There are 2 protein chains.
Amino acid sequence: MKSKLKKTMADTAHQTQNRIRSWKQDPEAVRADILREATSEFAKNGLAGTRVKDIADRIQTSRRMIFYYFGDKEGLYRAVLEEAYRSVREAEEELNLDGLPPLDALVKLVEFTFDHHRRNEDFIRLVMNENILNGQYMRQSSSLHMTNTKVIKQLSRICAAGEKDGVFRAGLSPLELHWEISALSFFNVSNRATFSNIFGNDLFTEEGQIALRDHIVDCVISSVRPKT
Amino acid sequence: MKSKLKKTMADTAHQTQNRIRSWKQDPEAVRADILREATSEFAKNGLAGTRVKDIADRIQTSRRMIFYYFGDKEGLYRAVLEEAYRSVREAEEELNLDGLPPLDALVKLVEFTFDHHRRNEDFIRLVMNENILNGQYMRQSSSLHMTNTKVIKQLSRICAAGEKDGVFRAGLSPLELHWEISALSFFNVSNRATFSNIFGNDLFTEEGQIALRDHIVDCVISSVRPKT
DNA sequence: GCCATAATTAACCGAATGGTACAATGCAGT
DNA sequence: ACTGCATTGTACCATTCGGTTAATTATGGC
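Described below are features of the structure shown in this document. Keep in mind that this is a model prediction, so the values were computed, not measured.

1. Focus on the overall build of chain A
Alright, step 1. Tallying secondary structure elements over chain A gives 11 helices and zero strands in all.
Alright, step 2. If you list the helices and strands of chain A from N to C, you get α-α-α-α-α-α-α-α-α-α-α.
Alright, step 3. Residues classed as buried in chain A amount to 36% of the 228 residues present.
Alright, step 4. Taking the intrachain contacts of chain A between residues at least 6 apart in sequence as the baseline, contacts between residues at least 24 apart amount to 64%.

See below:
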């Protein structure tokens, strides 16, 4: 889309956009650049810790443009948050568990969540920051109100099927189960710094992470199996 | 200690100290006041989000005193962090699992950790913030280098005993087990805001929390039992 | 009482920061 | 080429914030 811009070849840098020399109008690219770099900065430093200047400096634009497109720093933060959640939700849509037996589906879901969190540290850090702010900004954002019930629905189906097959215990709470999976996957990224400072880095090497992933799969599976 | 100060009765406010009227020297109380309020502020707003002025305003002292006692903002933050960890470690010392059979010991440990995290939200938030800062300040602090291996040792004993009794599976990793317990207990506090925004508040009511606690005890126990 | 020192106050400072006013420039339609 | 609007550049501003200087007051030892 926006193919009307004739791409000048001197696409100097890593930037996605192609506004060069004196200057060329390319608002969408500017907006996208700002959003991308703002995501990175807010993830790194939090809302209060981020300098608007730093965001502008990293791309070929001025502070002025940031305020032009996003109003103020908080507006930018909200936009970053919305985009981050949107992008994650999009990734989650990709996961297809249809047709899998309950146990396999659950294993796949846990592994997916664990890996996905690991690969998206920026998102985790944004969420950490938003929690420090008591979730006040995501609460303001209407696009985040449509509660992400898809995972819950998936888990409900899995639980029901598993219970019917007798491989899961009865009376499981899909919400609690999701909470449990989230907690283990999230903490792995969010608390790596302090945990490894105190207890060493063993769990965070590549092998450590594989073992940990197996461990939490094991843990979740054990918790849904019928009591012996 | 420091009983030399004659306590004047007009102890006006909530403050622990008793420096009144014009002014009376009571450095230890001032230091303690600063530390207490700084803990609260840093926990609420993070390092970058906290204003030194706000800390000073909440107690009967000036910004100048904060710099006098703690050098700079980061020095204060470090002091807060050290004290917070010290205090938590102290609380952990209270937990006595001696003489309990392995399963009971583990249940008690999990319940203790869950409750303890719940009761110390400020500490959790400090740790969250420190993780956003990649643990750089705790790494600077020598008092946090003495790795808190006590929990690991306890868990090792419990695991060994449980395995010997045949109530635990063989080859458990105490470190992974601790990680698991921490993750579930920590996430419960750290991510309450975002989680309840998206999935509702059910898990965070008093009943919800009790159920959740039972759930994670269950989860941990299931994960250590011999495979069926 | 005197004196060195520790604790506290008051005033001040430079730099950084979020944000804005306004002019200049590109662009699309006619 | 003209016009109207969107976009970008430049310069500026008020305030906030971390931190400091220097004077002032208490305290404890003699």
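2. Considerations on the environment of Arg64 of chain B
Alright, step 1. Relative to the helices and strands, Arg64 of chain B resides in helix H3 (residues 63-70).
Alright, step 2. A sequence separation of 12 residues divides Arg64 of chain B from Val52 of chain B, and the C-alpha atoms of the two residues are 9.7 Å apart.

3. Describing the interface of chain B and chain A
Alright, step 1. Between chain B and chain A, the contact holds 42 residues from the first and 42 residues from the second.
Alright, step 2. Broken down by secondary-structure element, the contributors of at least two residues to the side of chain B that touches chain A are helix H1 (27-49), helix H6 (121-132), helix H7 (136-140), helix H9 (174-190), helix H10 (192-199) and helix H11 (206-224) of chain B.
Alright, step 3. Counting residues per element, the side of chain B that touches chain A draws most heavily on H9 of chain B, at nine residues.

4. Looking at helix H4 (residues 73-94) of chain B
All names here are of chain B.
Alright, step 1. An ideal rise of 1.5 Å per residue puts 32 Å on 22 residues; H4 measures up with 32 Å between its terminal C-alpha atoms.
Alright, step 2. For H4, the full list of buried residues reads Leu76, Tyr77, Val80, Leu81, Ala84 and Tyr85. Along the axis of H4, the buried positions cluster into a sector of 165 degrees, meaning they face one direction only. Structural note: H4 exposes Arg86, Glu90, Glu93 and Glu94 on the side pointing more than 90 degrees away from its buried face.
Alright, step 3. In this structure, the buried side of H4 is in contact with H1, H3, H6 and H7.

5. With respect to the nonpolar core
Alright, step 1. Counting 108 residues, the largest nonpolar core has Val80, Leu126 and Ala183 of chain A together with Val80, Leu126 and Ala183 of chain B as its most contacted members.
Alright, step 2. Apart from residues lying up to four places away in sequence, Val80 of chain A is in contact with Leu35, Ala38, Thr39, Phe42 and Leu126 of chain A.

6. Considering the relation of the copies chain B and chain A
Alright, step 1. Of the transformation placing chain B onto chain A, the axial shift is 0.0 Å and the rotation is 180 degrees, giving an RMSD of 0.0 Å. Such a combination of turn and shift is consistent with a two-fold rotation axis.
Alright, step 2. Comparing interface residues between copies, 100% of those in chain B also sit at the interface in chain A, which points to an isologous, same-surface contact.

7. Here we look at the environment of Ala170 of chain B
Residues and elements named next belong to chain B.
Alright, step 1. Structurally, Ala170 is set in the loop between helix H8 (150-165) and H9.
Alright, step 2. On the neighbour-count criterion, Ala170 (11 C-beta atoms within 10 Å) is exposed.
Alright, step 3. On a C-alpha basis, the gap between Ala170 and Pro226 in space is 7.5 Å, while along the polypeptide they are 56 residues apart.

8. Brief notes about the packing of helix H11 (residues 206-224) of chain A against H11 of chain B
Alright, step 1. It is at 8 Å that the axes of H11 of chain A and H11 of chain B come closest, and there the two elements cross at 105 degrees. Relative to H11 of chain B, the element H11 of chain A is oriented roughly perpendicular. Across the interface between the two elements, Asp218, Cys219, Ser222 and Ser223 of chain A from H11 of chain A touch Asp218, Cys219, Ser222 and Ser223 of chain B from H11 of chain B.
Alright, step 2. Classifying every residue of the contact of H11 of chain A with H11 of chain B gives two nonpolar, four polar and two charged.

9. Quick look at the packing of helix H1 (residues 27-49) of chain A against helix H6 (residues 121-132) of chain A
Residue and element names in this part refer to chain A.
Alright, step 1. In contact at an axis separation of 8 Å, H1 and H6 are set at 40 degrees when each is read in the N-to-C sense. Judged by the angle between their axes, H1 and H6 are oblique. The crossing of H1 and H6 is left-handed. Side by side, H1 and H6 meet where Thr39, Ser40, Phe42, Ala43, Gly46 and Leu47 of the first sit next to Asp122, Arg125, Leu126 and Asn129 of the second.

10. Examining the environment of Ile216 of chain A
All names here are of chain A.
Alright, step 1. Position of Ile216 relative to the elements: it lies in helix H11.
Alright, step 2. Sequence-wise, Ile216 and Ile198 are 18 residues apart; in three dimensions their C-alpha atoms are separated by 21 Å.
Alright, step 3. Filtering out sequence-adjacent residues up to four positions away, Ile216 remains in contact with Val110, Phe114 and Leu184.

11. Some words on unusual backbone geometry
Alright, step 1. Notably, Asn134 of chain A is not glycine yet its phi reads approximately 60 degrees, a positive angle.
Alright, step 2. Positionally, Asn134 of chain A belongs in the loop between H6 and helix H7 (136-140).

The rules behind each value
- Every chain's residues receive numbers from 1 upward, in the order its sequence appears when written.
- All chains are assigned letters beginning with A, and all ligands numbers beginning with 1, in the order in which they are written.
- Confidence filtering applies because this is a predicted model: local features only for residues at pLDDT of at least 70, side-chain atom pairs given and counted only at 80 or more, and all residues used for totals across whole chains, interfaces and linings.
- Helix and strand labels come from DSSP, where a helix needs a run of H or I of at least four residues and a strand needs a run of E of at least two; each type is numbered from the N terminus.
- Put simply, a residue is buried when 20 or more other C-beta atoms lie within 10 Å of its own C-beta and exposed when 12 or fewer do; between those, it is partly exposed, and each C-beta is set from the backbone.
- Residues are scored as being in contact if the C-beta atoms we place from backbone atoms lie within 7 Å.
- One fewer than the residue count of a helix, multiplied by 1.5 Å, yields its expected span.
- For this quantity, the arc is that covered by the directions from the helix axis to the C-beta atoms.
- The term nonpolar core refers to a group of buried residues, namely Ala, Val, Leu, Ile, Met, Phe, Trp, Tyr and Cys, whose C-beta atoms join them within 7 Å.
- We place the copies in one frame by least squares, fitting the C-alpha atoms of every residue whose pLDDT is at least 70 in both.
- Whenever a helix is involved, its axis is fitted only over the stretch in contact; in every case the axis is a line through C-alpha atoms, and angles between N-to-C directions fall within 0 to 180 degrees.
- Angles are sorted into four bins: roughly parallel if under 35 degrees, roughly antiparallel if over 145, roughly perpendicular if 65 to 115, and oblique for all others.
- Put simply, Ala, Val, Leu, Ile, Met, Phe, Trp, Tyr, Cys and Pro go in the nonpolar bin, Asp, Glu, Lys and Arg in the charged bin, and everything else, Gly too, in the polar bin.
- Working rule for handedness: look at the near helix, and if it is turned counterclockwise from the far one by less than a right angle, call the crossing left-handed; if clockwise, right-handed.

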